[in-house]
Amino acid sequence: MAAMPTPKRIAITGAAGQIGYSLLPRIAAGEIFGPEVPVILQCLEIPPALGALNGVRMELEDCAFPLLEGIVCTDDPNIAFKDANLCLLVGAKPRSKGMQRGDLIRENGPIFVGQGKAIDENAAADVRVVVIGNPCNTNCLIAMSSAKRVPATNWTAMTQLDHNRAIAQIAGRVGVEYRDVSNVVIWGNHSNTQFPEWRHAKVKDQTASAAAADEAWFKEAFISTVQERGKAVIEARGLSSAMSAANAAMDHARLLFRGTPTGEWTSMAVCSDGSYDIEEGLISSFPVTCDGSGNWSIVQGLDFDDFGRERLEITVNELKQERDAVTDLLS
Ligand code: NAX
């Protein structure tokens, strides 16, 4: 029998939370790196959640996943990020009732300073970081700026859930399967200012615009449904999206490490290089292709109409305001 490859070490913060519960078994089943690559899960939690995390550990053991070679449970970021090849930063304080977005940024920002430093000091040289905990774009910016050793290109924040929501809305409207829809784009912030763009999307061999034949629907219901979908799930379930968020995190990581299909792109929040006049250094969602080895490139040359340019500006302005609210946390 051929020897197994070296295991990949995957750090997951907030591992005892609801997203963690849906995410961990899928990573352990080999869905990110493939069925040949063993994995070691390195789970980080805050002390009050370590008991619950121990329960999750027991359940993972009881799954007896063939690829799972180890489970680390800790409240020490230096242990959780040790030699990690991939860090999924899920853990964050949730937004409580009456809390403004600005308060959330100030509450969660410091967590990402500490975690950025711990990643810098401990993670593997090839580490890739995906920030999921909200506000994910700005948390990513904060963590990245605290980690000078890790190149900016190794950091991403998750807008894949918004991307998948946009696909689902178009498939539902046109009456095709989800797999028939590709190349939607989420621009900007993972918030309700995001701009879900359909003009370059395809439904089989047609443009989505031609397939749906209803521009007014795209400009109104499509955009607002995607922007407000998280709120709708909370209203219906009493809890925020978790299964779909974990699924999106799996898609994001799998595409990053195993590549986007030829001719297709996905959406990821990455450090802007100034493309599309989005200020350099902001963590904004863009259309990206992935080469299958942890690297992404921003898709170039997509055009905007006036409506789209206006929408883009709104969401990018929000990213600038969020950045300006945390300048003291950026180094
Ligand atoms: P939960 O509240 O169920 O779990 C969060 C976990 O993080 C808790 O177990 C908590 O103890 C832990 N935690 C808090 N501070 C920590 C720290 N400093 N270090 C390590 N762990 C810490 O939330 P859940 O539903 O799992 O959501 C997690 C995060 O994902 C939230 O910030 C949420 O807003 C965000 N989301 C992001 C999405 C995206 O598309 N980017 C969509 C889903 C989700 O809303």
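Quick note: structure is the one above.
Residues numbered from 1 in each chain as written. Predicted model: local features only at pLDDT ≥ 70, side-chain atom pairs only at ≥ 80, totals over all residues. Heavy atoms only, no water.

Caption draft 1: Molecular detail of the overall build of the protein chain. Counting secondary structure elements, the protein chain contains 11 helices and 14 strands. For a compact globule of 331 residues, the expected C-alpha radius of gyration is about 20 Å, and the protein chain comes in at 19 Å, within 12% of that figure. Reported as C-alpha extents along the three principal axes, the dimensions of the protein chain are approximately 50 × 50 × 40 Å. Counting the 331 residues in the protein chain, one finds 55% classified as buried. (Helix = DSSP H or I, 4+ residues; strand = E, 2+ residues; numbered from the N terminus. Rg over C-alpha atoms; globule rule 2.2 N^0.38 Å. Buried < 20%, exposed > 50% of the residue type's maximum accessible area, 1.4 Å probe, protein only.)

Caption draft 2: Representation of the site of the ligand within the structure. Gln18, Ile19, Glu45, Ile132 and Asn134 are the nearest of the 24 residues found near the ligand. At a separation of 3.3 Å, a nitrogen atom of the ligand approaches a polar backbone atom of Gly14. Between Gly17 and the ligand, the recorded distance is 3.4 Å, taken from a backbone N or O atom to an oxygen atom. Surface burial for the ligand is 84%, taken as the share of its 870 Å² of free accessible area covered by protein chains. (Near = heavy atom within 4 Å. Polar contact = N/O pair within 3.5 Å; in protein donor to acceptor, adjacent residues only side chain to side chain. Areas by Shrake-Rupley, 256 points an atom, 1.4 Å probe, with all protein chains shown as cover.)

Caption draft 3: How the structure looks around the layout of surface pockets. Taken as a whole, the largest pocket encloses approximately 1,600 Å³ of empty space. What lines the largest pocket is a set of 48 residues, among which Lys93, Pro94, Arg95, Asn134 and Ser240 lie closest to the centre. When residues of the lining of the largest pocket are traced back to their parent elements, those giving at least two are helix 1 (18–28), helix 4 (101–122), helix 6 (160–174), helix 8 (215–227) and helix 9 (229–237). For the lining of the largest pocket, a count of residues per class yields 19 nonpolar, 18 polar and 11 charged. For the lining of the largest pocket, the domains that each give at least three residues are domain 1 (8–157) and domain 2 (160–329). Roughly 270 Å³ of volume is contained in the second largest pocket. Around the second largest pocket, the lining comprises 17 residues; the ones closest to its centre are Gln160, His163, Ile167, Leu255 and Glu264. When contributions to the lining of the second largest pocket are tallied by element, the ones reaching two or more residues are helix 6, strand 7 (181–182) and helix 10 (243–258). The element that contributes the greatest number of residues to the lining of the second largest pocket is helix 6, accounting for 4 residues. Looking at the lining of the second largest pocket residue by residue, the classes come out as 6 nonpolar, 7 polar and 4 charged. (1 Å grid on protein atoms, 1.4 Å probe; cavity = no way out; pocket = protein on both sides within 12 Å on 5 of 7 lines; lining within 4 Å. Points joined across faces, edges and corners; volume = space filled by probe spheres on them. Nonpolar A, V, L, I, M, F, W, Y, C, P; charged D, E, K, R; others polar. Domains from an automatic or database assignment.)

The analysis is restricted to geometry; functional conclusions fall outside its scope.
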